[in-house]
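Read off the chains here:
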Amino acid sequence: MAFWTNYLKGKGKALNKEMKMLAAEADMEGYTEAAIQTQMDRVNAFVNDQAKAEINLTKEKKDVEEILQLQEDRLAGISILQEDIANTTDPDEIARLTSIVEAEVTKLEEMQEDIAREKEEAAEAESDLAEIRELLSMEKEKLDTMRGTLNKTKSAIERANRAEERAKAKADLAAKKAGFAEDNTFDDLLGAAKDRLAEIEQRTRATTIKAELLSDSKGTSSDMQDAIARAKGKVPTSTMSVAERLAAIKSGK
Amino acid sequence: MFKALKQKIATFIHKPVTVLQPKEFVPFDLMVGSHLKIDTNSHVIYKSRCTIPNTNTVSSIGTCVLGGAKAFRFYFNNSHFLQVITNQNKQIEECRLFALIDVVYPSTMETWDMWLNDGKGRIGSFEFKLDHNDLVYTRMSSWADDELDWVPPVTFTEVIKGANEVSITHQAMSYGRWLNEDRGIAEYLLVSSDSSQHEENICTYIGIDVNLNEVITYF
């Protein structure tokens, strides 16, 4: 059971892989475009982050300016109050102004911590912005690289396709050429015809020999003629002298 | 045994969907009833006639749209409000405390005409002098062209939300004078003909700039 389970799992995985490969091959450009779009979205997100960080930095800087302005105003206000104290002789007024000066000094002391905090927040906002800018620059560079690579890959694919077409055309041509050189049909037919001719000639010769063998006419070999002559009681001409042969001829007429 | 549980589950499944609304931006996150303290001595140091409210509770909040900007008015009572103007990025551009120094209920057409006459009414004139002293306030160049002797009052509508909601139409002009020109410390005068469903009057406020760090909020 475990075997079949594993077997089916393995088949399933292989099928899945094949499907993915097929899909990738079928829509390679679609996938790469999607990857670029994803990267563009990342860049856009960083652009938004940068805008937010810039607004935040402006706000933090303004906060620093605001609190430093307040510090200056308070210091200036204390100077004015001290002048007013110096210019009056009314003890109640002096007491009232002095209490305000004391209150302002206390506020100045208390706000030092706030000033430090505001400065720190502004520095952090500046640092955040610098970091986002750097990341954005990197993401942009990556996007540019992806675009460049995609364009190069597209060109390479086009070149490869063209090369493949050329190679196919060459291969077809070579195949045609090879087909022309290797086509021995005619020769084969001719060879067969020659063989057939030889066979016919051989058979004809055999027939001729047979006919010669079966006939006692000329053309029969001297040995055979001798044998026939001997069988018929005749002396072979070859053993006869010219005179005998002439006589024989004459008697045979 | 499970009847109660089933009912609870059914209620949970079929309960109406609550759509959360984004919280409306309000400077300092203030709301009606918030406690707000203006911790400044500028009015004393620079001898402004503006005063600090004697209460710290925000009784109502008024808003008006001024182009891309928005003005919020945090009313302490009928005598003071803190005006905060924000830009499109919701950043605070201006923060001023105003104290009511005069209210006029014109009872005759002549009195209305004195304030709102087209071409020579007090609201819109280049300079504004308070009745009871010789202090002269100059029309704010941010409100109108300096070269014109008279301009029509700026009209805008303010919606005030407190115990009730009230809509007020203002026909106003802003003026100012230097308390300390070297340090850029000014005193402002806001003169406004206010018209609502309930009443019509002429209000005069005196204001000073308030540093944002002098606005202390308690909730």
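Residues numbered from 1 in each chain as written. Chains lettered and ligands numbered in written order. Predicted model: local features only at pLDDT ≥ 70, side-chain atom pairs only at ≥ 80, totals over all residues.

## A look at the overall build of chain A
Okay, so step 1: Check the secondary structure of chain A and you find six helices and zero strands.
Okay, so step 2: When the helices and strands of chain A are placed in sequence order, the string is α-α-α-α-α-α.
Okay, so step 3: Scored against the burial criterion, the 253 residues of chain A give a buried share of 6%.
Okay, so step 4: For chain A, the proportion of contacts with a sequence separation of at least 24, taken over those separated by at least 6, is 71%. (Helix = DSSP H or I, 4+ residues; strand = E, 2+ residues; numbered from the N terminus. Buried ≥ 20, exposed ≤ 12 C-beta atoms within 10 Å, placed from the backbone. Contact = placed C-beta atoms within 7 Å.)

## Observations concerning the overall build of chain B
Okay, so step 1: On a plain count of helices and strands, chain B comes out with three helices and twelve strands.
Okay, so step 2: By the burial criterion, 25% of the 219 residues in chain B qualify as buried.
Okay, so step 3: Sequence separation of 24 or more characterises 54% of the internal contacts of chain B that already satisfy a separation of 6 or more.

## Quick word on the environment of Glu200 of chain B
Residues and elements named next belong to chain B.
Okay, so step 1: Within the element layout of this structure, Glu200 appears in strand 11 (residues 200-209).
Okay, so step 2: Counting along the chain gives 96 residues from Glu200 to Val104, while the straight-line C-alpha distance between them is 9.1 Å.
Okay, so step 3: Each residue touching Glu200, except ones within four places of it in the same chain, is listed here: Asp194 and Ser195.

## Quick notes on the interface of chain B and chain A
Okay, so step 1: If you look at the interface, chain B gives eleven residues, while chain A gives 16 residues.
Okay, so step 2: Split into classes, the residues belonging to the side of chain B that touches chain A amount to three nonpolar, six polar and two charged. (Nonpolar A, V, L, I, M, F, W, Y, C, P; charged D, E, K, R; others polar.)

## Remarks on the pairing of strand 4 (residues 80-86) of chain B
All names here are of chain B.
Okay, so step 1: Burial analysis of strand 4 places five of its seven residues in the buried class, the great majority of the element.
Okay, so step 2: In this structure, strand 3 (residues 69-75) lies alongside strand 4, joined through six bridges in antiparallel fashion. Considered in strand 4, the bridge of Phe74 is made with Leu82.
Okay, so step 3: Here strand 3 folds back onto strand 4, and the loop between the two strands holds four residues.
Okay, so step 4: Where strand 4 lies against strand 5 (residues 92-104), seven bridges are found, and the strand directions are antiparallel. Across the sheet, the residue bridging to Ile85 is Glu94, located in strand 5.
Okay, so step 5: Two successive antiparallel strands, strand 4 and strand 5, enclose a turn made up of five residues, where Lys90 displays a positive phi of approximately 65°. (Pairing = 2+ DSSP bridges.)

## Topic: the nonpolar core
As a rule of thumb, soluble globular proteins bury nonpolar side chains together.
Residues and elements named next belong to chain B.
Okay, so step 1: Within the largest apolar cluster, 28 residues are counted, with the highest numbers of intra-cluster contacts made by Leu82, Leu97, Leu189, Leu190, Val191 and Val210.
Okay, so step 2: Where this core is concerned, the elements lending two or more residues are strand 3, strand 4, strand 5, strand 9 (165-180), strand 10 (185-195) and strand 11.
Okay, so step 3: Contact partners of Val210, with chain neighbours within four places excluded, come to Ile38, Thr40, Leu82, Cys95, Arg96, Leu97 and Val215. (Core = buried A, V, L, I, M, F, W, Y, C linked by C-beta atoms within 7 Å.)

## Description of the confidence of the model for chain B
Okay, so step 1: Per-residue pLDDT for chain B averages 90, and the proportion of residues at 70 or more is 91%.
Okay, so step 2: Reported confidence for the predicted complex is 0.75 by ipTM and 0.65 by pTM. (pLDDT = per-residue confidence, 0-100.)

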